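Now for the letters of each chain:
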Amino acid sequence: EDPSLERHFKGHKDAVTSVDFSLNKKQLATGSMDSCLMIWNMKPQMRAYRFVGHKDAVLCVQFSPSGHLVASGSRDKTVRLWVPSVKGESTVFKAHTATVRSVHFSSDGQSLVTASDDKTVKVWTVHRQKFLFSLSQHINWVRCARFSPDGRLIVSASDDKTVKLWDKTSRECIHSFCEHGGFVNHVDFHPSGTCIAAAGTDNTVKVWDVRMNRLLQHYQGNAVVNSLSFHPSGNYLVTASNDSTLKILDLLEGRLLYTLHGHQGPATCVAFSRAGDFFASGGSDEQVMVWKTNFDAADYGDVLKTQKTGTSVDGTHHTLVEMDCGVHLKKTKTQDSGRNQEQAEEETNLANTLEHIMGQLDVLTQTVSILEQRLTLTEDKLKECLENQQKIIQSKAS
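Residues numbered from 1 in each chain as written. Predicted model: local features only at pLDDT ≥ 70, side-chain atom pairs only at ≥ 80, totals over all residues. Heavy atoms only, no water.

### Observations regarding the overall build of the chain
- For the chain, the count of helices and strands is two helices and 28 strands.
- For the chain, the proportion of contacts with a sequence separation of at least 24, taken over those separated by at least 6, is 46%.
- About 18,400 Å² of surface is accessible on the chain, with carbon and sulfur atoms providing 52% of the total. (Helix = DSSP H or I, 4+ residues; strand = E, 2+ residues; numbered from the N terminus. Contact = heavy atoms within 4.5 Å. Areas by Shrake-Rupley, 256 points an atom, 1.4 Å probe, with all protein chains shown as cover.)

Rendered as structure tokens:
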């Protein structure tokens, strides 16, 4: 069944630049050239929040893994961390010396990687937004940077026409993929962490194996590709292009499945929800669209279950059907299902508890940051008062 349009959000006053779903699919964050960040609620009766703070275009947004924070990067050279609630409080830090094009949380929610027109990729702690290190081998603007699912690698894409792979621990560039005919707009890791996909101004999407550093798949389109997102099953890829289309690629078959026409003008950004049952797109037409992923529903539902519980639903669905492009994941064995059911439930409960704790930590971190900012302001005011007092005393004395 074809993907279908589920919701349509209007409210931005300029091109939408970035979209991301929260973990529970209840919220969608978008950034725009109108300098605003918006949080849309998927429940129809809930209002959207508009967050104002950036002084220039917001170019990237992302929810933290727990969904309790949203990071945004802007042309104003700063990164902000927001609490996605009515108040919309945020902490701001000057991240780069030029436009920030990309923000991405590590999967444990502890680190943030940012990419900028100052040609660097930087890594920060989310807690207190402490700067950790810079990766600076690109010789032009860096459009995009992402952590691998296990957090050990970072991939970055640049207008120097390269995609670079970095080791987070040694901070060294392990490999440069240079076979792009144009700038690279967007790059991301396959959920298995074994390959990356890159979208370029040469109208292509290329999939590379990061273990052998070889090109696995090459899709040639008719327009600049602005953004891409892997389906959580790892079997599909959705892209957004300048010809206003969204395309769904079947990675197992190595072919185009669907072309969707929704936007008027360039489709600028696209992202699957964390469970893969929806995807959202944004365009130069200021519109945000949410689509229901109707294709292959049973199949990827099973795939995701398999990944979560570590057992095969019926012994045939493997976590990932072996892609001819060299992605091989462990095949799962069917064991005694009764025991596994309990185990799975326990694991889920544990995961939920951890999720909750992480969320609380996020909020605490945020609160501390906001308090620190307020304290600094108070200290500044106090200093000012004391200086004025001195001046008054001196003027009286003289």
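### Topic: the pairing of strand β26 (residues 267–272)
- Among the six residues that make up β26, six are buried, leaving the element largely enclosed by the rest of the structure.
- Where β26 and strand β27 (residues 278–283) come together, five bridges link them in antiparallel fashion. Bridge pairing in β27 links Ala271 to Ala280.
- Where β26 folds back on β27, the antiparallel hairpin that results is connected by five residues, among which Gly276 adopts a positive phi of roughly 85°. (Buried < 20%, exposed > 50% of the residue type's maximum accessible area, 1.4 Å probe, protein only. Pairing = 2+ DSSP bridges.)

### Focus: unusual backbone geometry
- A positive phi angle, near 55°, is found at Asn213, a position not held by glycine.
- Topologically, Asn213 is positioned in the loop between β20 (204–209) and β21 (214–220).

### Side note on the packing of aromatic side chains
- With the rule as written, the count across this model stands at eight aromatic pairs.
- Consider the rings of Trp124 and Phe131, whose centres lie 5.3 Å apart with planes at 70°: the pair is edge-to-face.
- Judged by centre distance (4.8 Å) and plane angle (35°), the ring pair of Phe177 and Trp208 falls under tilted. In this pair, Phe177 is assigned in strand β17 (residues 173–177) and Trp208 in strand β20, connecting sequence segments 31 residues apart.
- Given a relative accessible area of 1%, Trp208 falls into the buried group.
- Taken together, the ring pairs in this structure connect Tyr49, Phe51 and Trp82 into an aromatic cluster.
- Lys292 extends its terminal NZ or CZ atom over the ring of Phe278, reaching a point 4.9 Å from the ring centre. (Phe/Tyr/Trp six-rings, centres within 6.5 Å; stacked < 30°, edge-to-face > 60°. Lys NZ or Arg CZ within 6 Å of the ring centre and 35° of its normal.)

### Quick word on the side chain of Ser229
- Mapped onto the fold, Ser229 is located in strand β22 (residues 225–230).
- According to the relative accessible area criterion, Ser229 is buried, its value standing at 8%.
- From its side chain, Ser229 meets the backbone nitrogen of Phe272 in a polar contact 3.0 Å long.
- Ignoring any residue separated from it by four or fewer positions in sequence, one finds Ser229 in contact with Tyr236, Leu237, Val238, Val270, Ala271 and Phe272. (Polar contact = N/O pair within 3.5 Å; in protein donor to acceptor, adjacent residues only side chain to side chain.)

### Quick look at the sheet that holds strand β16 (residues 163–167)
- Taken together, the four strands give an open sheet; going across it, the order is β14-β15-β16-β17, and neighbouring strands pair in antiparallel fashion. Each end of this open sheet is capped by a strand with a single partner; those strands are β14 (142–147) and β17. The average undirected angle you get between the axes of adjacent strands in this sheet is 15°.
- Of the pairings in the sheet, the one linking strand β15 (residues 153–158) to β16 comprises five bridges and is antiparallel in character. Bridge assignment links Val155 to a residue of β16, and that residue is Leu165. (Axes fitted to C-alpha atoms, helices over the stretch in contact; angles between N-to-C directions.)

### What about the pairing of strand β4 (residues 37–41)?
- Most of β4 is tucked away: five of the five residues are buried.
- Neither face of β4 is left uncovered, since the one carrying Leu37, Ile39 and Asn41 and the one carrying Met38 and Trp40 both have all their residues buried.
- In the sheet, strand β3 (residues 27–32) pairs with β4 via five bridges, with the strands oriented antiparallel. The residue of β4 that forms the bridge with Gln27 is Asn41.
- Connecting β3 to the next strand, β4, in antiparallel fashion are four residues, including Ser35 with a positive phi near 75°.

### So, the UniProt feature "repeat: WD" (unreviewed entry) in the chain
- In the numbering used here, UniProt assigns the "repeat: WD" (unreviewed entry) feature to residues 9–50, 51–82, 93–134, 135–176, 177–218, 225–259 and 260–292.
- The annotated region residues 225–259 carries 0% helix and 66% strand content, and the separation between its end C-alpha atoms amounts to 13 Å. (UniProt positions renumbered as here; feature names shortened; annotations may be inferred.)

### Side note on the sheet that holds strand β9 (residues 90–94)
- Strand order in the open sheet made by the four strands is β6-β7-β8-β9, with antiparallel pairing throughout. Two strands close off the open sheet at either side, each with one partner strand: β6 (58–63) and β9. The sheet shows a mean angle of 20° between the axes of neighbouring strands, direction not considered.
- Note that β6 and strand β7 (residues 70–74) share five bridges and pair antiparallel. When the bridges of β7 are listed, Gln62 appears paired with Ala71.

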